[in-house]
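Okay, here's what each chain looks like letter by letter:
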Amino acid sequence: MSEVFEVYEHHYCELSANLSSYCTAATVLDGEQKKQKISEIKTGLDDADGLLQKMDLEARTLPPSAKATLLAKLREYKTDFNSLKIESKRLTSANANLAARDQLLESGMADALLVSNDQRGRLLMTTERLNQSTDRVKESRRTMLETEELGVSILQNLHQQQQSLLHANNTIHGVDDNVSRSKKILTSMSRRMSRDKCIIGSMVIILVIAIIFILYFKLTH
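Residues numbered from 1 in each chain as written. Predicted model: local features only at pLDDT ≥ 70, side-chain atom pairs only at ≥ 80, totals over all residues. Heavy atoms only, no water.

> An account of the pattern of salt bridges is requested, with residue identities and associated values reported.
For the structure shown, the criterion picks out nine salt bridges. Measuring nitrogen to oxygen at the nearest pair gives 3.0 Å for the salt bridge that ties Arg90 to Glu87. Here the residue Arg90 and the residue Glu87 both occupy positions in helix H3 (residues 64-92), the gap between them amounting to three residues, near one helical turn. Among the residues examined, Arg90 registers a relative accessible area of 38% and is labelled partly exposed. (Salt bridge = Lys/Arg side-chain N within 4 Å of Asp/Glu carboxyl O. Helix = DSSP H or I, 4+ residues; strand = E, 2+ residues; numbered from the N terminus. Buried < 20%, exposed > 50% of the residue type's maximum accessible area, 1.4 Å probe, protein only.)

Here it is, written out as structure tokens:
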């Protein structure tokens, strides 16, 4: 699931819970206090509408499998948002004037209790969604930390392997240097042996010539 969607979802659930409590509080307020509370509700509805639009845009950028799930959740939130808008309109409509208050008094607060129970149920449902969203955010953060730790471990292993490769490379260079020196020594020895063979051959030839000359001299005299 998109982490961006989860953040928007978390903020919306918090805002929805606050709006539900504001609506409940506004039903028992009068005068300027009620006007102030209704103003806060309208501001909150604008913010909630913006969050729903962002959630819709984010969901539509995801693959089809994830998109379908998030759009289904988004429809539930839009239903909840429409209920909040209806409740807000009820509070600000002409029906919420003096005649409505008189009718409410005549009914002995029965309607207020029914509305309060409905809002309490919606508040509980929103609170449950908020808790679920919080758990998913915590799980996402835990997964991110585990992934970060795994990445650090992989980087450390790669660094160790790099050091091992560098050490092996230095060893190979050392072996190459030794082989080069040995090759030079063998070449020098081979040249020296060739030179010694030439010297010995020359001496043998000289000795043979000398012996022939001596024999010739003795035979002729």
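Let's pick the thread back up.
> Give me the packing of helix H2 (residues 31-60) against H3: which residues, what numbers.
Axis separation between H2 and H3 bottoms out at 10 Å; the angle between their running directions is 165 degrees. With respect to H3, the element H2 is oriented roughly antiparallel. Viewed along their axes, H2 and H3 form a crossing whose handedness is left-handed. Residues Lys34, Ile38, Ile41, Lys42, Leu45, Ala48, Asp49, Leu52, Met55, Asp56, Ala59 and Arg60 of H2 form the contact with H3, whose participating residues are Lys67, Leu70, Leu71, Leu74, Tyr77, Lys78, Phe81, Leu84, Lys85, Ser88, Leu91 and Thr92. Among the residues making up the contact of H2 with H3, the classes are represented as 14 nonpolar, two polar and eight charged. (Axes fitted to C-alpha atoms, helices over the stretch in contact; angles between N-to-C directions. Parallel < 35°, antiparallel > 145°, perpendicular 65-115°, else oblique. Left-handed = near helix turned anticlockwise from the far one by under 90°. Contact = heavy atoms within 4.5 Å. Nonpolar A, V, L, I, M, F, W, Y, C, P; charged D, E, K, R; others polar.)

> I'd like a rundown of the side chain of His10, residues and numbers included.
Relative to the elements of secondary structure, His10 occurs in helix H1 (residues 3-26). Looking at His10, its side chain comes within polar contact range of the side chain of Thr134, at 3.4 Å. For His10, the contacting residues outside a window of four places in its chain are Leu130, Ser133, Thr134 and Val137. (Polar contact = N/O pair within 3.5 Å; in protein donor to acceptor, adjacent residues only side chain to side chain.)

> Report on the nonpolar core, specifying residues and quantitative values.
A general feature of soluble globular proteins is that nonpolar side chains tend to end up buried together. Judged by nonpolar contacts, the single largest core of 24 residues is most densely connected at Tyr12, Leu19, Ile41, Leu52 and Met55. Of all the elements in the fold, those that place two or more residues in this core are H1, H2 and H3. Looking at which element gives the most residues to this core, the answer is H2, with eight residues. Setting aside residues up to four positions removed in sequence, Leu52 forms contacts with Tyr12, Leu74, Tyr77, Lys78 and Phe81. (Core = buried A, V, L, I, M, F, W, Y, C linked by side-chain atoms within 4.5 Å.)

> Give a description of a nonpolar patch on the surface that names residues and reports values.
On the surface, Leu150, Ile154, Leu155 and Leu158 cluster together to form a nonpolar patch covering roughly 390 Å² of accessible area. Summarising the element assignment, Ile154 is placed in helix H5 (residues 110-220). Look at Ile154 and you get partly exposed, because its relative accessible area is 41%. (Patch = residues over 30% accessible without salt bridge, like charges linked within 9 Å, V, L, I, M, F, W, Y side chains within 5 Å. Areas by Shrake-Rupley, 256 points an atom, 1.4 Å probe, with all protein chains shown as cover.)

> Go over the side chain of Lys34, please, and point to the residues and values.
Relative to the helices and strands, Lys34 is located in helix H2. Nearest to the buried, unbridged Lys34 among oppositely charged side chains is Asp30, at 5.6 Å. Residue contacts for Lys34: discarding those within four places in its chain leaves Ala26, Leu29 and Leu91. (Lys, Arg positive; Asp, Glu negative; His and termini not counted.)

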